Amino acid sequence: MTAMEPLSLDGAHLISPVPHPDERGELYQIFDSGELRAAVGHAMRVSQANCLVSRRGAIRGIHFAEVPPGQAKYVMCPSGSVLDVIVDLRVGSPTFGHWESVVLDDARPRCVYVAEGLGHALMALSERAAVVYLCSRPYTPEREHAVNPMDDSIGIDWPADIQPILSERDRGAPTLAEAERAGVLPTYAACQAFASALRAT
């Protein structure tokens, strides 16, 4: 059975698949809808699967989608290594503005589940890193937003020995305070209500 560990932010889980080795190598079951449902209380409808390939130092995020319907993500790194970061962007949450990071790599296949309303970012630690993630909703540009990953008020501990590479969009993204003032951040109440509705289905 796959180990599913809740992280410090409500709605975030670390998934550690159990290896099934034989003389050819190993098999990992990286996604089990029933086990995920048991852990988070509802099913994750997979609407889209993406593969990102990044060079060392590339930062993607902090990205999030408006709730409802938001966009939950199930993320793994099958090649290379990344620092995967989850940020609580839900206004009114007891952990608003807090973050947690997990190293995902090809040496020990692990995954993270990121619920609707949480922000997601990552940095490639290896020379080349591939990340695959499942999404509960397809990418919808008009509902997608970003918060600056270098915002000092969040204070993500990016590796000091790696030169960060950001897109123009992420470099120019608002700080957490600016995004809150602009009213684009999800609320904790809306995210809780949406999760409750998912559990009822």
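Residues numbered from 1 in each chain as written. Predicted model: local features only at pLDDT ≥ 70, side-chain atom pairs only at ≥ 80, totals over all residues. Heavy atoms only, no water.

## With respect to the sheet that holds strand E9 (residues 99-105)
With antiparallel pairing, the 5 strands of this open sheet are ordered in space as E9-E8-E11-E6-E13. This sheet does not close on itself; its edge strands, each paired only once, are E9 and strand E13 (144-146). If you compare each strand with its neighbour and ignore which way they point, the axes differ by 25° on average. Pairing between strand E6 (residues 59-65) and strand E11 (residues 118-124): 3 bridges, direction antiparallel. Residue pairing across strands places His63 opposite His120, the latter belonging to E11. (Pairing = 2+ DSSP bridges. Helix = DSSP H or I, 4+ residues; strand = E, 2+ residues; numbered from the N terminus. Axes fitted to C-alpha atoms, helices over the stretch in contact; angles between N-to-C directions.)

## Details of the packing of aromatic side chains
The final tally for this structure, using the stated rule, is 1 aromatic pair. Ring plane angle 85° and centroid distance 5.0 Å describe the contact between Phe31 and Tyr74, whose orientation is recorded as edge-to-face. Here Phe31, found in the loop between strand E4 (25-28) and helix H1 (33-40), pairs with Tyr74, found in strand E7 (residues 73-79); they are 43 residues apart in sequence, far enough to count as distant. Assessed through its relative accessible area of 26%, Phe31 is described here as partly exposed. (Phe/Tyr/Trp six-rings, centres within 6.5 Å; stacked < 30°, edge-to-face > 60°. Buried < 20%, exposed > 50% of the residue type's maximum accessible area, 1.4 Å probe, protein only.)

## Examining the environment of Ile156
Secondary-structure assignment places Ile156 in the loop between E13 and helix H2 (168-171). Accessibility expressed as a relative area gives 10% for Ile156, which makes it buried. Here the alpha-carbon distance between Ile156 and Val85, two residues 71 residues apart in the chain, equals 8.2 Å. Residue contacts for Ile156: discarding those within four places in its chain leaves Ile62, Val85, Val87, Trp99 and Pro149. (Contact = heavy atoms within 4.5 Å.)

## Looking at the nonpolar core
Met44, Tyr74, Ile86, Leu104, Val112, Tyr113 and Val131 are the most contacted members of the largest nonpolar core, which totals 31 residues. Of all the secondary structure elements, the ones that give two or more residues to this core are strand E2 (12-16), H1, E7, strand E8 (81-88), E9, strand E10 (111-114), E11 and strand E12 (128-135). Contacts of Met44, omitting those with residues within four sequence positions, involve Leu36, Ala72, Lys73, Tyr74, Tyr113, Leu134, Cys135 and Ser136. Core analysis: the second largest hydrophobic core is formed by 19 residues, Ile59, Ile62, Leu83 and Leu176 among them. (Core = buried A, V, L, I, M, F, W, Y, C linked by side-chain atoms within 4.5 Å.)

## Quick look at the state of the cysteines
Working definition: the covalent bond between the sulfur atoms of two cysteines is a disulfide. Following the criterion strictly, the structure yields 0 disulfides and no others. Not engaged in a disulfide, the cysteine Cys51 finds its nearest cysteine sulfur in Cys77; these two sulfurs lie 9.5 Å apart. Of the residues examined, Cys77 reaches a relative accessible area of 3% and is grouped as buried. (Disulfide = S-S within 2.5 Å.)

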